[in-house]
Amino acid sequence: MSGGEDYVYDEASGEWIPAAEAGAKADAADAVEVRDSVGNLLQDGDQVTLIKDLTVKGAGQTLKRGTLIKSIRLTGDSQEIDCKFDGIKGLVLRAEFVRKR
């Protein structure tokens, strides 16, 4: 096969698949799933609501239960999400304290 694409053996399916497809499968397997307090899958850009009052260390401020956080960003950690909130820079919340809106 000259000029064709490379194929690799996929253990899961027991078939030979294009190398590009195998690479995409590996990337998907490496992706970290982040779930909120009730098990909803979170993604970049989601809006979440706090399920309890949280004291923000270093900001001298408490975020109240029910506070809406817009446009979250996943960090690569299964329990942490990066967020922006008025007056607080670099806010990182634990996924167990939020619910997807």
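Use the structure listed above.
Residues numbered from 1 in each chain as written. Predicted model: local features only at pLDDT ≥ 70, side-chain atom pairs only at ≥ 80, totals over all residues. Heavy atoms only, no water.

1. Quick look at the nonpolar core
- One finds L42, V48, I81, L91, L93 and V98 to be the most contacted residues of the largest nonpolar core, which totals 16 residues.
- Among the secondary structure elements, those contributing two or more residues to this core are β3 (48-50), β4 (54-56), β8 (80-85) and β9 (88-94).
- No other element matches the three residues that β9 contributes to this core.
- Once you skip the residues sitting within four places of it in the chain, L91 turns out to touch V56, L63, I81, D82, C83 and F85. (Core = buried A, V, L, I, M, F, W, Y, C linked by side-chain atoms within 4.5 Å. Buried < 20%, exposed > 50% of the residue type's maximum accessible area, 1.4 Å probe, protein only. Helix = DSSP H or I, 4+ residues; strand = E, 2+ residues; numbered from the N terminus. Contact = heavy atoms within 4.5 Å.)

2. Side note on the sheet that holds β8
- Strand order across the open sheet formed by three strands is β7-β8-β9, with antiparallel pairing between neighbours. Pairing within the sheet leaves two strands with one partner each, and these edge strands are β7 (73-74) and β9. (Pairing = 2+ DSSP bridges.)

3. Comments concerning the pattern of salt bridges
- All told, the structure shown has four salt bridges when counted by the stated rule.
- Between D46 and K100 there is a salt bridge whose closest N-O contact spans 3.6 Å. Of this pair, D46 sits in the loop between α1 (19-30) and β3 while K100 is found in strand β10 (residues 98-100), placing the two residues 54 residues apart along the sequence.
- D82 serves as the salt-bridge partner of R73, at 2.6 Å between the closest nitrogen and oxygen.
- Judged by its relative accessible area of 46%, R73 falls in the partly exposed class.
- Judged by its relative accessible area of 17%, D82 is buried. (Salt bridge = Lys/Arg side-chain N within 4 Å of Asp/Glu carboxyl O.)

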